[in-house]
Amino acid sequence: MAALLDAVYDGEMTMDELLEHGDFGLGTFNALDGEMIVTGREVRQFRSEGIASDVPSDLKTPFACVTHFEPEQTITIDQPLGKAEFEALVNKMLDNPNLFGAVRFTGEFEKVDTRTVFCQCRPYPGMLEVVAKQPTFTMNNISGMMLGFRTPPYMQGINVAGYHLHVLSDDRKHGGHVTDYRVLRGKLEVARISDLEIALPRHKEFAEADLLPAGLSEAIHTAEGG
Ligand SMILES: [Zn+2]
């Protein structure tokens, strides 16, 4: 994640390789070409218009986070919950703040705000410059799936501390990186994750990246936060 902030937008791992490590998750693509959601064996790519497309298996990623999701707890949500209430509920279910959590909500949303990064050309601008121009969308009254992770605070920089969720509409056509939402009703599934495997790029750009700059946390919050 810190490498993305330093404009390292090309990774070495293909979708095929990524899917060996999990069938549930999120990320982005080389050249920052859209937002990724992984559900089952399906990888979808949301480009700047927030429209989903299929993904060639040899496409690569500079940042992605996947798991083999096995829900430990499932509950039914039958009342509207905003982002803060939803996160508080998931925190309570996950209980341990120092473990990763995987989260999946399937159901109806009153609204979801999303953004999608868009394909960059070299020389790459910094991520904060990119996100300042990123297209944002609001989807009202949609059904879909929102999934992602809660990352513990001490993992900031390796990943995005706190919640990082992507959404995919039921028609598989729309979605992106979630910045705000209000759920109406549906199924919430969570699992704690205590095993972590990290694959780092071996290329020169990563070798030369500044991965612990001053203000890293604030920058990640600006780039990825809601
Ligand atoms: Zn995202």
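Notes on the structure in this doc start here. (Residues numbered from 1 in each chain as written. Predicted model: local features only at pLDDT ≥ 70, side-chain atom pairs only at ≥ 80, totals over all residues. Heavy atoms only, no water.)

## Points about the overall build of the protein
- Of regular secondary structure, the protein possesses 6 helices and 13 strands.
- Considered along the principal axes of its C-alpha atoms, the protein spans approximately 50 × 35 × 35 Å.
- In the protein, buried positions account for 52% of the 226 residues.
- Here the protein has roughly 10,600 Å² of accessible surface; of this, 49% comes from carbon and sulfur atoms.
- Taking the average place of the 20 positive charges on the side chains of the protein and the average place of its 34 negative ones, the gap between the two points comes to 3 Å. (Helix = DSSP H or I, 4+ residues; strand = E, 2+ residues; numbered from the N terminus. Buried < 20%, exposed > 50% of the residue type's maximum accessible area, 1.4 Å probe, protein only. Areas by Shrake-Rupley, 256 points an atom, 1.4 Å probe, with all protein chains shown as cover. Lys, Arg positive; Asp, Glu negative; His and termini not counted. Charge placed at Lys NZ, Arg CZ, Asp CG, Glu CD.)

## Quick look at the coordination of the zinc ion
- For the zinc ion, the full set of protein donor atoms is His164 (NE2), His166 (NE2) and His177 (ND1), and the range of their distances to it is 2.0 to 2.1 Å.
- Written as a sequence motif, the donor arrangement for the zinc ion is H-x1-H-x10-H. Residue histidine 164 shares its accessibility class with histidine 166, and that shared class is buried. (Donors = N, O, S within 2.8 Å, 3.2 Å for Na, K, Ca; no water.)

## Points about a negative patch on the surface
- A cluster of acidic side chains, namely Asp16, Glu17, Glu20 and Asp58, defines a negative patch on the protein surface.
- Within the secondary structure layout, glutamate 20 lies in the loop between helix 2 (15-19) and strand 2 (24-28).
- Owing to a relative accessible area of 61%, glutamate 20 belongs among the exposed residues under this scheme. (Patch = residues over 30% accessible without salt bridge, like charges linked within 9 Å, V, L, I, M, F, W, Y side chains within 5 Å. Salt bridge = Lys/Arg side-chain N within 4 Å of Asp/Glu carboxyl O.)

## Re a nonpolar patch on the surface
- Where nonpolar side chains cluster on the molecular surface, the patch consists of Ile158, Leu196, Ile198 and Leu200 and spans about 390 Å² of accessible area.
- Examined against the element boundaries, leucine 196 turns out to sit in the loop between strand 13 (175-193) and helix 5 (204-208).

## Quick look at the environment of serine 169
- Within the secondary structure, serine 169 is located in strand 12 (residues 162-169).
- Ignoring anything within four residues of it in the chain, the contact list for serine 169 reads Ser143, Gly144 and His174. (Contact = heavy atoms within 4.5 Å.)

## Overview of the pattern of salt bridges
- The full count for this structure, using the stated rule, is 16 salt bridges.
- In this structure, the salt-bridge partner of arginine 104 is glutamate 189, at a minimum N-O distance of 2.9 Å. Residue arginine 104 is located in strand 10 (residues 100-115), and its partner glutamate 189 is located in strand 13; the two are separated by 85 residues in the primary sequence. Glutamate 189 shares its class with arginine 104; the two are buried.
- Salt bridges here are not isolated pairs; linked through shared partners, they connect Glu42, Arg44, Asp54 and Arg172.

## Some remarks on the nonpolar core
- Phe86, Met146 and Val183 are the most contacted members of the largest nonpolar core, which has 21 residues in total.
- Counting only elements with at least two residues in this core, the list comes to helix 3 (83-94), strand 10, strand 11 (136-151), strand 12 and strand 13.
- Counting residues per element, this core draws most heavily on strand 13, at 5 residues.
- Among residues more than four places away in sequence, those in contact with methionine 146 are Phe86, Val103, Arg104, Phe105, Phe109, Leu165, His166, Val167, Val178, Tyr181 and Val183.
- In terms of nonpolar packing, the next biggest core, distinct from the first, is built from 19 residues, Tyr9, Phe63, Val131 and Leu216 among them. (Core = buried A, V, L, I, M, F, W, Y, C linked by side-chain atoms within 4.5 Å.)

Everything listed here is a matter of coordinates, which is why it stays silent on function.
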